[in-house]
Amino acid sequence: MSSAFLKYLSNAPVLAVLFTSLTLTVFILINSVYPDLLFLGQ
Amino acid sequence: MRQLFALMLVFALWFGAAPSASADSDVSGLLVPCRDSAAFAQRAKDSVSATAAERFQKYADAGLLCGRVDGLPHLIADGHLNHAGEFIIPGVLFLYLAGWLGWAGRNYLQTVHKDGTNEYKEIQIDVPVAIQSFIAALFWPLTFVKQILTGELQEDDSKITVSPR
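Rules behind the numbers
- Residues numbered from 1 in each chain as written.
- Chains lettered and ligands numbered in written order.
- Predicted model: local features only at pLDDT ≥ 70, side-chain atom pairs only at ≥ 80, totals over all residues.
- Heavy atoms only, no water.
- Helix = DSSP H or I, 4+ residues; strand = E, 2+ residues; numbered from the N terminus.
- Buried < 20%, exposed > 50% of the residue type's maximum accessible area, 1.4 Å probe, protein only.
- Areas by Shrake-Rupley, 256 points an atom, 1.4 Å probe, with all protein chains shown as cover.
- pLDDT = per-residue confidence, 0-100.
- Pairing = 2+ DSSP bridges.
- Core = buried A, V, L, I, M, F, W, Y, C linked by side-chain atoms within 4.5 Å.
- Contact = heavy atoms within 4.5 Å.
- Axes fitted to C-alpha atoms, helices over the stretch in contact; angles between N-to-C directions.
- Nonpolar A, V, L, I, M, F, W, Y, C, P; charged D, E, K, R; others polar.
- Disulfide = S-S within 2.5 Å.

## A few points about the overall build of chain A
When helices and strands are tallied, chain A shows two helices and zero strands. Taking the principal axes of its C-alpha atoms as reference, chain A extends roughly 50 × 15 × 10 Å. Buried positions account for 12% of the 42 residues belonging to chain A. When the accessible area of chain A is evaluated, it comes to approximately 3400 Å², of which 78% is carbon and sulfur surface.

And the structure:
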C-alpha cells in the first residue's frame, strides 16, 4: 500500500467512517450467528 | 439555619412525598413474572421466527416482569439486585465504555500536544499513538483515581485566568 493511501486512511473522518462501519458489521454478523449475547437477564 | 431547613426539606420529600414503588412487593398487581403472563404467552405463540421464539423463552427464564395486560417485559430500574441485569449492569458497562472512549481521546490529545504537531495530528490521526492511547485507557477508573489523588488532573490555580475584579 502506498504511503499516500495510508495517509488518506489515517484521515480522521475516513477513520471514523471505516471504524464505525466495521464495528457495526462485526456486531451484525455475531448477532446473526449467535443472537442476543448482550442480554444480561439472570 | 438555611442549610438546616434544606436538610429537613430533603428528608420530608424523600420519606414523605416519594411513594415506595417496589416492583417486587407489586401491591398494584400491574406487573407479573413473564412466565406467568397469559398475554406474554400469546405473544410468544404469535411470534414468527425461531430467534423470536427463543428470545421469548429467554425472557421467561430470566425472571423479567411483564405488564399483566400488555404482556410486554418491563425493566426494573429501582436498584433491586435481583433485576441487576436489566439496568444496573448495562448502566455501569455503558459508563465504563464511554469513559474508556473519552479517556483514550484525552490521552491521544495530550500525547500529540507535547511534540508541537497537534493541529496536523488532529486531522491526520497518528494511528500507532491512537492505538496506544486506547490500550492505556482500558484501566481508566484506576488512572482517574490516581490522577485525582496526586492533583495531576487539575490545573494550578495560578494558571486559571479570571476576569479583572
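Structure's up, so let's keep going.
## Details of the confidence of the model for chain B
Residue and element names in this part refer to chain B. Across chain B, the average pLDDT comes to 87, with 93% of residues at 70 or higher. Looking across chain B, the model is least confident in helix 1 (residues 2-17), with a mean pLDDT of 82, and most confident in helix 6 (residues 127-136), with 96. Scoring of the predicted complex yields 0.77 for pTM and 0.83 for ipTM.

## Remarks on the sheet that holds strand 1 (residues 31-33) of chain B
All names here are of chain B. The three strands lie next to each other as 1-2-3, forming an open sheet whose pairing is antiparallel. Across the chains shown, the open sheet's two edge strands, defined by having one partner strand only, are strand 1 and strand 3 (73-74). With two bridges connecting them, strand 2 (residues 65-67) and strand 3 associate as antiparallel partners. Within strand 3, the position partnered with Leu65 by the bridge is His74.

## Concerning the nonpolar core
B:Cys34, B:Phe40, B:Phe56, B:Ala60, B:Leu64 and B:Cys66 together form the largest nonpolar core, which totals six residues. Leaving out residues up to four positions away in the same chain, B:Phe56 has contacts with B:Phe40, B:Arg43, B:Ala44 and B:Ser47.

## Digging into the environment of B:Leu138
You can see B:Leu138 is positioned in the loop between helix 6 and helix 7 (140-150). Sequence-wise, B:Leu138 and B:Ala104 are 34 residues apart; in three dimensions their C-alpha atoms are separated by 8.2 Å.

## A word on the packing of helix 4 (residues 88-114) of chain B against helix 7 of chain B
All names here are of chain B. One way to put it is that helix 4 packs onto helix 7 with a least axis distance of 9 Å and a crossing angle of 60 degrees. Contact residues: helix 4 offers Leu95, Tyr96, Gly99, Trp100, Trp103 and Arg106, while helix 7 offers Trp140, Pro141, Thr143, Phe144 and Gln147. A breakdown of the residues in the contact of helix 4 with helix 7 according to their chemical character gives seven nonpolar, three polar and one charged.

## A few points about the state of the cysteines
All names here are of chain B. Scanning the entire structure with this criterion turns up one disulfide over all chains. Sulfur-sulfur distance for the disulfide between Cys34 and Cys66 comes to 2.1 Å. Since a negative S-S torsion denotes a left-handed disulfide, the Cys34-Cys66 link at about 90 degrees is right-handed. You can see Cys34 sitting in the loop between strand 1 and helix 2 (38-46) and its partner Cys66 sitting in strand 2, a full 32 residues away along the chain. Judged on exposure class, the residue Cys34 and its partner Cys66 are both buried.

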